[in-house]
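Listed below are the residues making up each chain.
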Amino acid sequence: MIRKGYQPDLITYNTILNGLCKSGNTDRAAKLLRMIEERGLRHDIVAHNTVIDCLCKDKLLTEVFDLFSKMKDKVIPPNTVTYNCLIHAICTLGQQKEATRVLDEMVAKNVALNVVTYSILIDAHCKEGMVFEAEDIVDTMIKQGIELNVVTYNALINGHCLQNNMKEARRVFELMAKKGCAANVISYSTMINGYCKAKRLDKAMNLFCEMSQKGLVPDTVTYTTLIQSMCLVGRFSNAHELLKKMCTSRQVPNPITFSVFLDGLCKHGKIKEALEVLQAMQNCGLEPDIVHYTILIYGLCKYRHIKIATELFHGLSVKCLNPDVYTYTVMISGLCQEGFPGEAYHLFRTMGNIDCLPNSCCYNVMIQVSYKFEDFWDSACLNVCATHPDMTVAMLVFSIFNLVNCQGCAPMQSRQLSTTLVCLISIGLVVALNYRNLFSNPSKEFQRLKHHPSIRPLLEGGSVLHYGARTLNEGMLAAEATFGVLHEGSDMEAYWNALRDSWVWEELHRALNYRPFLDCLLVLI
């Protein structure tokens, strides 16, 4: 077009930008936006919003904020659409505090909040379990004369379902109809999923039948949810009927549909039916992947069909499939269960041949082999540490070995282990701030730890490569709050406020059982 002497206008460029973004070509879209600016065309909010939305969907927040800042420099005021894209991306990443800051900026700049803005906030709060706060936002919407749409209602329904409060979810679902807002497939699917998780399949099936009466066609998600729930309670004939109905209604089952069906059958020992479902999957034009075969191998191993499981495992390469760490763990566990530790250990050693590194579950299985078959303690598990010189894994294995040894489960000499561990070693000591001895010295305690009979042999003859110390973030916040009490006259409540508002709170919540564990086990390696 340009070669023929025609100059594209903004509408042309915006159309191309939209196409690039929809096809996932984010980098090319960003480059085209820069080219538009270089060609001296006037700045356009639509073009910037298109690229920002694309960057947000790819979770490239650094690039989003960079473009957002450039918009202000170019005197292109961000509008409601711009802020909605940004808030949605931030909420998706769970950064509620940052989302609140952007929302406050939006209000300060007199940018109007619309139903999309409120729906994004309600959905984010509901997914975080803050349903009451979400309902407060709904009240604000109503006071401002903004009507809730189907997306808003669906977010609220989902919030109540996540809390297993199906009574409130049903109330919101029925309120939609009273307010003249028609429920869609997502509304019904969310309610059905909630009832299924609450093990109220009768209610779920009633809604499923109601969808047809309302002229709504259940989608793959709806069918998959019901099939999974039927399998969990052992109603496989109903699950099979749903699968047939799904195919006749032109809703093509996806790999997840077959995964949940296979999983249910294998966990209940219905191996023959599982093999038939696998064949039905291939008849639908879907090739089973490693997940489907892993589920099947798990079922075969669990119900003592180890020979068939082994044949299926070794036949994966013919299907151009590489076993992942879960496939290996299932197969190794099955071999151990049937009393074949030698074959299990051989399979364990071959994992590295396809760049498949063992995870903690795989190591745990091998450790169980060690004390179940004592002759494998030295010949197998100790060699794991030597052949996989990863300092974290090695120390983890050693700590479990040492704990097992202390409980008298299997013979092990720590000096013997130290000669086998030819690897880098990381060792550390975490001291919580709630220690009672005010004269306790963490540095000296660490020196004592290094002279422990189980640890000293590992360190003898070695050289220190790196060392250091730090205060955990939890402690830093406490120190800052204490400083405020001493010098600014504040109280220690500031510590809790600072802790709750920081990212540390989320990390501590995920590790909330760690401190009680330390109270029970004095030395953690």
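Residues numbered from 1 in each chain as written. Predicted model: local features only at pLDDT ≥ 70, side-chain atom pairs only at ≥ 80, totals over all residues. Heavy atoms only, no water.

J.: Can you help me understand the overall build of the protein in this one?
T.: Helix and strand counts for the protein come out as 30 helices and 0 strands. Scored against the burial criterion, the 525 residues of the protein give a buried share of 40%. For the protein, the proportion of contacts with a sequence separation of at least 24, taken over those separated by at least 6, is 58%. Accessible surface, the protein as shown: approximately 30600 Å² in total, 55% of it carbon and sulfur. (Helix = DSSP H or I, 4+ residues; strand = E, 2+ residues; numbered from the N terminus. Buried < 20%, exposed > 50% of the residue type's maximum accessible area, 1.4 Å probe, protein only. Contact = heavy atoms within 4.5 Å. Areas by Shrake-Rupley, 256 points an atom, 1.4 Å probe, with all protein chains shown as cover.)

J.: Even after reading the chapter, I still don't get the packing of helix α4 (residues 61–73) against helix α5 (residues 80–92), so can you show me in this structure?
T.: Packing of α4 against α5 brings their axes to within 11 Å, and their N-to-C directions diverge by 155°. Classified by the angle between their axes, α4 and α5 sit roughly antiparallel to one another. Here α4 runs over α5; the crossing is left-handed. Each of Leu61, Val64, Phe65, Phe68 and Met71 in α4 lies in contact with α5, whose residues at this interface are Thr82, Tyr83, Leu86, Ala89 and Ile90. The class makeup of the residues in the contact of α4 with α5 is 9 nonpolar, 1 polar and no charged. (Axes fitted to C-alpha atoms, helices over the stretch in contact; angles between N-to-C directions. Parallel < 35°, antiparallel > 145°, perpendicular 65-115°, else oblique. Left-handed = near helix turned anticlockwise from the far one by under 90°. Nonpolar A, V, L, I, M, F, W, Y, C, P; charged D, E, K, R; others polar.)

J.: Sorry, what's going on with helix α10 (residues 166–178) here?
T.: Every α-helical turn comprises 3.6 residues, leaving residues that sit three or four positions apart pointing alike. Under the 1.5 Å per step criterion, the end-to-end length of α10 is 18 Å for 13 residues, consistent within 8% with the ideal 18 Å. Along α10, the residues classified as buried are Met166, Ala169, Val172, Phe173 and Met176. Seen from one end, α10 has its buried residues packed into an arc of 120°, which puts them on one side. Residues of α10 that are exposed and angled more than 90 degrees away from the buried face: Lys167 and Lys178. On its buried side, α10 packs onto α9 (150–162), α11 (185–197) and α12 (201–213). Just beyond α10, the residue with positive phi is glycine 180, at close to 80°. (Expected span 1.5 Å × (residues − 1). Arc of directions from axis to C-beta.)

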